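# Coordinate analysis (summary)
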2 protein chains.
Amino acid sequence: MALIVQKYGGTSVGSVERIKNVAKRVAKARAEGHDVVVVVSAMSGETNRLVALAQEIQEIPDPREFDVILSTGEQVTIGLLAMALKSIGVEAKSYTGWQVALKTDNAHTKARIEDIDDAKMRADLQDGKVVIVAGFQGVSGNGDITTLGRGGSDTSAVALAAALKADECQIYTDVDGVYTTDPRVVPEARRMETVTFDEMLELASLGSKVLQIRSVEFAGKYKVRLRVLSSLTEGGDGTLITFEEDPNMERAIVSGIAFDKNQARINVRGVPDKPGIAYQILGTVADANIEVDMIIQNVGTEGTTDFSFTVPRNDYKKALEVLQALQHTIGAQEVSGDDTVCKVSIVGLGMRSHVGVASKMFRALAADSINIQMISTSEIKVSVLIDEKYMELATRVLHKEFGLDAAK
Amino acid sequence: MALIVQKYGGTSVGSVERIKNVAKRVAKARAEGHDVVVVVSAMSGETNRLVALAQEIQEIPDPREFDVILSTGEQVTIGLLAMALKSIGVEAKSYTGWQVALKTDNAHTKARIEDIDDAKMRADLQDGKVVIVAGFQGVSGNGDITTLGRGGSDTSAVALAAALKADECQIYTDVDGVYTTDPRVVPEARRMETVTFDEMLELASLGSKVLQIRSVEFAGKYKVRLRVLSSLTEGGDGTLITFEEDPNMERAIVSGIAFDKNQARINVRGVPDKPGIAYQILGTVADANIEVDMIIQNVGTEGTTDFSFTVPRNDYKKALEVLQALQHTIGAQEVSGDDTVCKVSIVGLGMRSHVGVASKMFRALAADSINIQMISTSEIKVSVLIDEKYMELATRVLHKEFGLDAAK
């Protein structure tokens, strides 16, 4: 008998029929003797409907009022799921964010969780009830409704699991686990039975969008045992995300290949090489609210230096504009760029204790004539920027090279 | 400079365009120097959508969870209206039922208001903000979301006006006031400039469905100055509902004619006339959760008695069934009924000081060969049950007879 937090996303509760299926799944866990807390998102499409309604009134909706509106989506789902459970004889009780006292800061539309009062939930679990909590939402110190930002329901689930010291937090989604890479690109991709938090962080931020990155950080911080499972198929253990490396397990050097097309490269060439120049360039980009990912600086000729960095693709034009406006001031010879690039990364905890992983990656890409434009490395990751037309090829090549292809 | 509570129903906030119109109307009251608290319903159609969704899961939805779901309708409207006001430069802040601390009892789907904390609202009004409150909803002592039942937003508005000691509570609806009778039946019907609470209570309960009866009772109890106005047309003073008779005003004897087709007659004939028999019959009906309206008892022949009473038309079959099942037990000779009847009533405070009003009514109906099946009277009302096919004719005849037709 364990205490399990289950989270179901918008697709999993996207219709009355699917909500009834979720109820059956929850009932099964109860029948197995577990205490269950369920976190749900808004029915798929509902949040978009509310956003559209709000934007008909204000193009950029007032954040406090936007949260009031958006939070209704999850509130409808909790009521429906509680009813679905009761109608099959399982006692259940729903809570909105404020009812469960999921306290956040005041940052509307992207609030951070500060505290959770578990008293009501514990009492209900003691009474044999399933507790249903609206994901994505909380309440600020002054009693305003807040929301946690995109994917916030995952964060709600992990935070509740942490507060309740749950044995496991199960994230039900439309995939049955974390894969070594996207199976749509590499049919040989395999589901990982376990993945470490560090690997998951790199995989999530690089585009394996199974879990929201903040929820993974949260789980790591509070040592929550996290599992990703499919809500659409029966059976399967999904992927367990562990917060510490199992010393007895022999790990592959590389555990997954991530790729990301939301990339554009900016080059600032021939800038006088003097102190503060990097800040002047990157500070200008940051002031325009543009996030920078990979950054490289090369020594140029005759006392100048060259900068290259990547930005999200939909910020490409804006980044070019602000830097072209700055070109004269900083004395750059050229500001140019390319938005037909992509990033491919190999991720693996095993890299830490193995040398030559990066060079093996570069050799494999070179063998297929894939040119590398930029390189960045971290302790457990090597990323390369390449022409986007080679993205699928590069991913397949690396997946095979590092022995990730499923056995035939 | 006054403190005004304005309430807008579902039709008045039924689209983004209409919400913007409400914002303009509120802005106008602000510009005139008034403090404004706005109470809104769910956008028309939204409550029905939520009810249908809930009933897809449970035919009779769990009351606590039903309230969780239903209350989202108003929550969306408050956010949208706050945004609409801000976008035209009027500071505004929205509150759900629990945020404003509109405390109710635990009677889910038909809760009664117990207390309102006006501190937050007063502070906002002091700051020059428009306060927007979700109608129809509150929070129970143990922190559950409750709803107030059909038309509950009117009750919310009156309760807020009472708590804030507002100068006036304005109910905006799709009619421009209270009429002497339904203008669709009698084109000569006139808008009343004032109507007393007592008259309004009789008119509301008899089918002039401008205001929910509970809100009128509430207004009477707390002496709230209540006005019904049209949200769809500009100008017009609507109808003021006063809580005490103006001694200087010469009132018509009859101020309005109400009619109600939601009636069915039940007859229980030839019952042994012994103590407790009325209770046995009517108690059985009450136990089946059927409301009884008019009741008459006649002495029959040979120690028997006859009962007739009316029930809502959709309870007619059920009422017949439970009484036919009882027929043998109570020794009744016959249980029969008729569901093609209607009730027509004349209402007026002036009746109290005038004799002969009822007989004038009966004479007028007789002159047009309209047969009266049942009669019931109160201090300010006379109701008759007649064949439903005469409803319009009877209403027109009485409207003219009591001098209510508009001047040509």
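All residue numbers here refer to positions counted from 1 along the written sequence of the relevant chain. Whichever chain is written first is A, and whichever ligand is written first is 1; the rest continue in order. Since the coordinates come from a predicted model, pLDDT governs what is reported: local features require at least 70, and pairs of side-chain atoms require 80 or more to be given and counted, while whole-chain, interface and lining totals use all residues. Where side-chain values are given, they derive from all heavy atoms of the structure, hydrogens and water being excluded.

### Considerations on the overall build of chain A
Filter applied, for reference: Labels follow the DSSP assignment, with helices taken as runs of H or I lasting at least four residues and strands as runs of E lasting at least two, numbered in each case from the N terminus. Note on method: radius of gyration uses C-alpha positions; expected globular size equals 2.2 Å times residues raised to 0.38. Only protein chains enter the area calculation, which uses a 1.4 Å probe; residues under 20% of their type maximum are buried, those over 50% are exposed, and those in between are partly exposed. Note on contacts: a residue pair qualifies if any of its non-hydrogen atoms lie within 4.5 Å across the two residues. Working definition of accessibility: Shrake-Rupley area with a 1.4 Å probe, residue cover restricted to the visible protein chains.
The number of helices and strands found in chain A is twelve helices and 18 strands. Taken over the C-alpha trace, chain A has a radius of gyration of 24 Å; the compact-globule value for 408 residues is 22 Å, and the two agree within 12%. In chain A, which comprises 408 residues, the share counted as buried stands at 56%. Taking the intrachain contacts of chain A between residues at least 6 apart in sequence as the baseline, contacts between residues at least 24 apart amount to 74%. Total accessible area on chain A stands at roughly 17600 Å², and carbon and sulfur atoms take up 47% of it.

### Looking at helix H5 (residues 119–126) of chain A
Residues and elements named next belong to chain A. Put simply, the rule reads: The arc under discussion is defined with respect to the helix axis, by the directions toward the C-beta atoms.
Residues Met121, Asp124 and Leu125 constitute the buried set of H5. The arc that holds the buried residues of H5, viewed along the axis, is 100°, so those residues lie on one side. Buried residues in H5 make contact with strand S1 (3–8), strand S2 (35–40), strand S3 (92–95), strand S5 (113–116), strand S6 (130–134) and helix H6 (152–164). Immediately downstream of H5, the backbone of glycine 128 shows phi near 85°, a positive value.

### Here we look at the pattern of salt bridges
Residues and elements named next belong to chain B. As a reminder, the rule being used: When a carboxyl oxygen of Asp or Glu lies within 4 Å of a side-chain nitrogen of Lys or Arg, that pair is called a salt bridge.
Inspection of the entire model under this criterion finds 34 salt bridges over all chains. Close ionic contact of arginine 225 with glutamate 168 constitutes a salt bridge, the shortest N to O distance being 3.0 Å. Of this pair, arginine 225 sits in the loop between helix H8 (213–221) and strand S11 (226–230) while glutamate 168 sits in strand S9 (residues 168–173), and the two are 57 residues apart along the sequence. Given the relative accessible area of 38%, arginine 225 is considered partly exposed. A relative accessible area of 11% means that glutamate 168 is categorised as buried. Residue aspartate 293 is joined to lysine 343 by a salt bridge in which the shortest nitrogen-to-oxygen separation is 2.4 Å. With aspartate 293 in the loop between helix H9 (277–287) and strand S14 (295–299) and lysine 343 in strand S16 (residues 334–347), this residue pair connects regions lying 50 residues apart in the sequence.

### Examining the sheet that holds strand S13 (residues 256–272) of chain B
In a beta sheet, neighbouring strands are held together by backbone hydrogen bonds and run either parallel or antiparallel to one another. All names here are of chain B. The criterion, for reference: By definition, two strands form a pair when at least two bridges between them are found by DSSP. Note on geometry: axes are C-alpha line fits, over the in-contact stretch for helices, and angles between N-to-C directions span 0 to 180 degrees.
Ordered by their spatial adjacency, six strands build an open sheet running S14-S15-S13-S16-S18-S17, and the pairing between neighbours is antiparallel. In the strand order of this sheet, the two ends are held by S14 and strand S17 (374–378), each with one partner. Shown here is a sheet whose adjacent strand axes are inclined to one another by a mean of 25°, direction ignored. Strands in contact with helix H12 (residues 391–401) are S13, S16 and strand S18 (381–387); relative to S13, the strand with the most contacts, it is inclined by about 120°.

### Observations concerning the nonpolar core
The condition is simple: For this analysis, a nonpolar core means a set of buried residues of the types Ala, Val, Leu, Ile, Met, Phe, Trp, Tyr and Cys, connected via side-chain atoms within 4.5 Å.
Of all hydrophobic cores here, the largest spans 44 residues; its most connected members are Cys169(B), Leu211(B) and Leu226(B). In terms of residues, this core owes the most to one element, helix H6 (residues 152–164) of chain B, which gives seven residues. Setting aside its immediate chain neighbours within four residues, Cys169(B) contacts Val5(B), Ala157(B), Val158(B), Ala161(B), Val224(B), Arg225(B), Leu226(B) and Arg227(B). By size, the runner-up hydrophobic cluster in this structure holds 42 residues, among which are Met121(A), Ala157(A), Val216(A) and Val347(A).

### Side note on the interface of chain A and chain B
Threshold: Here the buried area means the combined drop in accessible surface, using a 1.4 Å probe, for two parts upon being joined, counting both sides. Here a polar contact is taken to be a pair of N or O atoms separated by no more than 3.5 Å, where protein atoms must pair a possible hydrogen donor with a possible acceptor and residues adjacent in sequence count only if both atoms sit in side chains. Amino acids are sorted into nonpolar (Ala, Val, Leu, Ile, Met, Phe, Trp, Tyr, Cys and Pro), charged (Asp, Glu, Lys and Arg) and polar (every other residue, Gly among them).
The interface of chain A with chain B comprises 44 residues on the first partner and 44 residues on the second. With both sides pooled, the region where chain A packs onto chain B buries about 3400 Å², and carbon together with sulfur makes up 65% of that total. Among the residues chain A hides against chain B, the three largest losses belong to Ile57(A), Met83(A) and Trp98(A). Together they make up 21% of the total. Counting across the interface, chain A meets chain B through four salt bridges. The partner of Glu46(B) in a salt bridge is Arg49(A), and the shortest N-O contact between them spans 3.6 Å. Across the chain A-chain B interface, the total number found is 14 residue pairs in polar contact (both at pLDDT 80 or more). Among the residues forming the side of chain A that touches chain B, the class breakdown is 22 nonpolar, eleven polar and eleven charged.

### Focus on the environment of Thr77(A)
Residues and elements named next belong to chain A. Within the secondary structure, threonine 77 is located in helix H4 (residues 72–87). Since its relative accessible area comes to 0%, threonine 77 is described here as buried. Leave out the neighbours within four places in its chain, and threonine 77 touches Val13, Val40, Ser41, Ala42 and Met43.

### What to know about the packing of helix H11 (residues 357–367) of chain A against helix H12 (residues 391–401) of chain A
Residues and elements named next belong to chain A. Put simply, the rule is: Each angle gets one of four labels, with under 35 degrees taken as roughly parallel, over 145 as roughly antiparallel, 65 to 115 as roughly perpendicular, and the rest as oblique. By definition, turning the near helix anticlockwise from the far helix through less than a right angle yields a left-handed crossing, and turning it clockwise yields a right-handed one.
Contact geometry of H11 with H12 gives a least axis separation of 10 Å together with a crossing angle of 130°. By the criterion of interaxial angle, the relationship of H11 to H12 is oblique. Crossing angle aside, the handedness with which H11 passes H12 is right-handed. Contacts from Lys360, Met361, Arg363, Ala364 and Leu365 in H11 reach Ala394, Val397, Leu398 and Glu401 in H12. In the contact of H11 with H12, the residues fall into six nonpolar, no polar and three charged.

### Focus on the relation of the copies chain A and chain B
To keep it simple, the criterion reads: Only residues with pLDDT of at least 70 in both copies contribute their C-alpha atoms to the least-squares superposition of the copies.
Expressed as a screw transformation, the operator carrying chain A onto chain B has a rotation angle of 179° and an axial translation of 0.1 Å, and the superposed copies differ by an RMSD of 0.2 Å. Those values place the two copies in the arrangement expected of a two-fold rotation axis. Distance from the rotation axis, computed per C-alpha, reaches its smallest value in chain A at Thr72(A): 2.5 Å. A shared interface surface links the copies, since 100% of the contact residues of chain A are contact residues in chain B too.

### Focus: the UniProt feature "domain: ACT" (unreviewed entry) in chain A
Rule in force here: UniProt positions are given in the numbering used here, feature names are shortened, and annotations may be inferred rather than shown by experiment.
Within the UniProt annotation, "domain: ACT" (unreviewed entry) is assigned to residues 266–340 and 346–408 of chain A. Along residues 266–340 of chain A, the helical share is 35% and the strand share 36%, with 11 Å between the first and last C-alpha atoms.

### Quick notes on the packing of helix H2 (residues 46–57) of chain B against helix H3 (residues 63–70) of chain B
Residues and elements named next belong to chain B. One can describe the packing of H2 onto H3 by two numbers: an axis separation of 10 Å at closest approach and a directional angle of 145°. In this structure, H2 crosses over H3, and the sense of that crossing is right-handed. In contact with Thr47, Leu50, Val51 and Ala54 of H2, H3 contributes Phe66, Ile69 and Leu70. When the residues that make up the contact of H2 with H3 are grouped by side-chain class, the tally is six nonpolar, one polar and no charged.

### Notes on the pairing of S1(A)
Residues and elements named next belong to chain A. Counted only if it meets this: Looking down the strands as they point away from you, a crossover is right-handed if its path from the first strand over the helix to the second goes clockwise.
With six of six residues buried, S1 lies mostly within the body of the structure. Here S1 shows no split at all, with Leu3, Val5 and Lys7 on one side and Ile4, Gln6 and Tyr8 on the other all buried. Two strands pair when backbone bridges link them, and S1 and S2 are joined in this way by six bridges, in the parallel orientation. In the sheet register, isoleucine 4 faces S2, and the bridge partner there is valine 36. Remark: the S1/helix H1 (residues 16–31)/S2 crossover connection has right-handed handedness.

### Remarks on unusual backbone geometry
Residue and element names in this part refer to chain A. Notably, lysine 165 is not glycine yet its phi reads approximately 50°, a positive angle. Here lysine 165 shows up in the loop between H6 and strand S9 (168–173). Even without being glycine, asparagine 289 reaches a positive phi, approximately 65°. Assignment of secondary structure puts asparagine 289 in the loop between helix H9 (277–287) and strand S14 (295–299). On the basis of relative accessibility, which here comes to 69%, the residue asparagine 289 falls in the exposed class.

### Things to note about helix H3 (residues 63–70) of chain A
A large share of H3(A) lies buried, amounting to seven of its eight residues. Looking only at H3(A), the buried set comprises Arg64(A), Glu65(A), Phe66(A), Asp67(A), Val68(A), Ile69(A) and Leu70(A). Among the structural elements, helix H2 (46–57), H4 and strand S8 (145–147) of chain A together with helix H4 (72–87) and strand S3 (92–95) of chain B are those in contact with the buried residues of H3(A).

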